[in-house]
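# Examination of the molecular architecture
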Amino acid sequence: MNTHEFYMNRCLQLAKNGLGTTYPNPLVGSVIVHEGKIIGEGWHRKSGEPHAEVVAIQSVKDKTLLKEATLYVNLEPCSHFGKTPPCCDLILQHDIPNVVIGTIDSHSKVAGKGIHKLKQQGKNVIVGVLEDTCLALNKRFFTYHTKNRPYIILKWAETKDGFIAPIMPELTEHNQLQPIWITNVFSRQLVHKWRSEEEAILVGTKTVLTDNPHLNTRDWAGKNPIRLVFDKSGKINPNFNVKDNKHTTIIFTEQENYKNSDHTNYENVIFDKNLIFNILKIAFEKNISSILVEGGRETLQSFIDIDLWDEIRMFTGNEKFGSGIKAPVFNGKPIFEQTLNGDQLKIFCNYD
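Notes on the structure follow. Numbering of residues starts from 1 in each chain and follows the order in which that chain's sequence is written. Note on the predicted model: pLDDT of at least 70 is required for a residue's local features to be given, and 80 or more for side-chain atom pairs to be given and counted; whole-chain, interface and lining totals, by contrast, use all residues. Computation of side-chain values covers all heavy atoms of the structure but excludes hydrogens and water.

### What about the overall build of the chain?
We count it as follows: Strands are runs of DSSP state E lasting at least two residues, helices are runs of H or I lasting at least four, and both sets are numbered from the N terminus onward. Only the C-alpha atoms count toward the radius of gyration. The rule for a globule is 2.2 Å times the residue count to the power 0.38. Residue burial is assigned from relative accessible area. The probe radius is 1.4 Å, only protein chains are included, and a residue is buried under 20% of its type maximum, exposed over 50%, and partly exposed in between. Throughout, a contact is declared for two residues whenever any of their heavy atoms are within 4.5 Å. What sets the accessible areas is the Shrake-Rupley method with a 1.4 Å probe; for residues, cover comes only from the shown protein chains.
In terms of regular secondary structure, the chain is built from ten helices and 16 strands. Computed over the C-alpha atoms, the radius of gyration of the chain is 23 Å, within 12% of the 20 Å expected from 2.2 N^0.38 for a compact globule of 352 residues. Projected onto its principal axes, the C-alpha positions of the chain cover 70 × 45 × 35 Å. Of all 352 residues assigned to the chain, the portion counted as buried reaches 50%. Long-range pairs, those at least 24 residues apart, make up 70% of the contacts in the chain between residues at least 6 apart in sequence. Summed over its atoms, the accessible surface of the chain is roughly 17100 Å², and 49% of this surface lies on carbon and sulfur atoms.

In structure tokens, the structure reads:
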């Protein structure tokens, strides 16, 4: 690892601190180096708050050193006015002579303009340090802006004999079944961590009617994702947890007699072969940059069948059901495998 890569790696470490809180903005970390010593660093914490470069510059105690320093950042500095002023202007204001950038920003308002502005003002700009790692870190942001859809993660747990659930009766307002867990408490906590990192979580009608999930982050300290729920014919009554009005929920339905409430909104869609495409279009228009799809089988398989997914995160527990609802079917080779106290986790990617 050379010097530029070393400091860029630190930028990436800092940027990860914002996972789950910066949406719709990207994850960005910045480091300022003077004569081989880090004199300032920071990361973007939340949309509307100062960008990483601003935080890093503000953290430098002796601002006179900036005129002899190098600023590292994993994503191209912005050159436009948004909720905050352009980072390029602040870099130029402090006359920082060297800027090392991980990757170009794909957002149409930036897209090379920041780099051009810095070079135009005589700054020494290096682009492409640890570029693949920088791109991977902001996979949600880049997917949203280049593919005009959210980043899609499919997640499920299956038994050793390939079932994701036993055959169970659907819940009613008078019938509360106890959940049957395939995975252990460690895996379930990890899933709640994942929920806190994504902007939305999606389930189908059958999952709600059989499991009555909360779809929140009660086992992890983090924000709750937006709940996206399929309910074609209005089977989900107000007693189910997804209609508790505690946090933002969007219910996709063909019924037209619903009224929006404080946190529960209804979207009318046609449940045909274009359903998934139409759902993702609505999500994109609502600035939802990532969706964790948690099932059930029908919903998961519908994404797989049209090859519209970016990651699959699959747990295999120690249970055996003998019969029940079969796990989704797909072909792929895992890029990551891990054992969590007996549960097996495999992650698959569907990148271009």
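### Concerning the environment of Thr299
By the element assignment, Thr299 lies in helix H10 (residues 297–305). Taking the C-alpha atoms as reference, Thr299 lies 8.9 Å from Leu202; in sequence the two are 97 residues apart. In contact with Thr299, other than residues within four places in its own chain, are Leu202, Gly204, Phe230 and Val293.

### Focus: helix H2 (residues 52–59)
For H2, the buried fraction is high: six of the eight residues fall into the buried class. Check the buried side of H2 and you find it contacts strand E1 (29–34), strand E2 (37–43), strand E3 (70–75) and helix H3 (87–93).

### Observations concerning empty space enclosed by the protein
Threshold: Residues are said to line a cavity or pocket when one of their atoms sits within 4 Å of a point; the points come from a 1 Å grid over protein atoms alone, cavities being sets where a 1.4 Å probe fits but cannot get out and pockets being open sets with protein on both sides within 12 Å along at least five of seven lines. Grid points are joined across faces, edges and corners, and a volume is the space filled by probe spheres set on the points. Amino acids outside the nonpolar list (Ala, Val, Leu, Ile, Met, Phe, Trp, Tyr, Cys, Pro) and the charged list (Asp, Glu, Lys, Arg) are all regarded as polar, and Gly is one of them.
Taken as a whole, this structure holds one cavity of 30 Å³ or more when the rule is applied. Counted as a void, the largest cavity has a volume near 70 Å³. Taken together, 14 residues make up the lining of the largest cavity; nearest its centre are Tyr23, Leu27, Asn138, Arg140 and Phe141. Sort the elements by how many residues they give to the lining of the largest cavity and helix H6 (residues 139–147) lands first, with three residues. By residue class, the composition of the lining of the largest cavity is seven nonpolar, five polar and two charged.

### Some words on the nonpolar core
Stated precisely, the cut-off is as follows: Nonpolar core, defined: a set of buried Ala, Val, Leu, Ile, Met, Phe, Trp, Tyr and Cys residues in which side-chain atoms within 4.5 Å join the residues together.
With 31 residues, the main nonpolar core has Leu154, Trp156, Ile291 and Ile312 as its most contacted residues. Ignoring any residue separated from it by four or fewer positions in sequence, one finds Ile291 in contact with Pro150, Tyr151, Ile152, Ile153, Ala200, Leu202, Leu228, Leu280 and Ala283. Leu71, Ile101, Leu118 and Val125 belong to the second largest nonpolar core, which has 26 residues in total.

### Brief notes about the sheet that holds strand E10 (residues 249–253)
Cut-off, in case you're wondering: By definition, two strands form a pair when at least two bridges between them are found by DSSP. The convention used is that axes are lines fitted to C-alpha atoms, helices contributing only their stretch in contact, and that angles between N-to-C directions extend from 0 to 180 degrees.
The mixed open sheet is built from nine strands, whose spatial order is E11-E10-E9-E8-E12-E6-E13-E16-E15. Only two strands of the sheet have a single neighbouring strand rather than two, namely strand E11 (264–268) and strand E15 (336–340). Neighbour-to-neighbour, the strand axes of the sheet open up by a mean angle of 20°, direction not taken into account. Where strand E6 (residues 151–158) meets strand E12 (residues 290–295), four bridges bridge the pair, whose relative direction is parallel. Across the sheet, the residue bridging to Ile152 is Ile291, located in E12. Against the sheet, H6 contacts E6, E12 and strand E13 (311–316), and its axis sits at roughly 125° relative to E6. Helix H7 (residues 185–197) contacts E6, strand E8 (200–203), E12, E13, E15 and strand E16 (343–349) of the sheet and is inclined by roughly 160° relative to E13.

### Here we look at the pattern of salt bridges
Going by this rule: The rule for a salt bridge is simple: a side-chain nitrogen of Lys or Arg has to be within 4 Å of a carboxyl oxygen of Asp or Glu.
Applying the stated criterion across every chain yields a total of 13 salt bridges. In this structure, the salt-bridge partner of Asp244 is Arg227, at a minimum N-O distance of 2.7 Å. In this pair, Asp244 sits in the loop between strand E9 (226–230) and E10 while Arg227 sits in strand E9, placing the two residues 17 residues apart along the sequence. Residue Asp244 is classed as partly exposed on the basis of its relative accessible area, which comes to 25%.

### A short note on the packing of aromatic side chains
The cut-off we apply is this: Any two of the Phe, Tyr and Trp rings considered here, Trp counted by its six-membered ring, make a pair once their centres fall within 6.5 Å; the pair's planes then place it as stacked at under 30 degrees, edge-to-face at over 60, or tilted in between. Only lysine NZ and arginine CZ atoms are considered, and such an atom sits over a ring when it is within 6 Å of the ring centre and within 35 degrees of the ring normal.
Inspection of every chain in the model, using the stated rule, returns eleven aromatic pairs. A ring pair is formed by Phe330 and Phe348, whose centres lie 4.8 Å apart and whose planes are at 90°; its orientation type is edge-to-face. Of this pair, Phe330 sits in the loop between strand E14 (325–326) and E15 while Phe348 sits in strand E16, placing them 18 residues apart in sequence. In this structure, Arg45 is placed above the aromatic ring of Trp43, and the distance from its NZ or CZ to the ring centre is 3.9 Å. Seen from the ring of Trp194, Arg313 lies directly overhead, with NZ or CZ sitting 4.7 Å from the centre.

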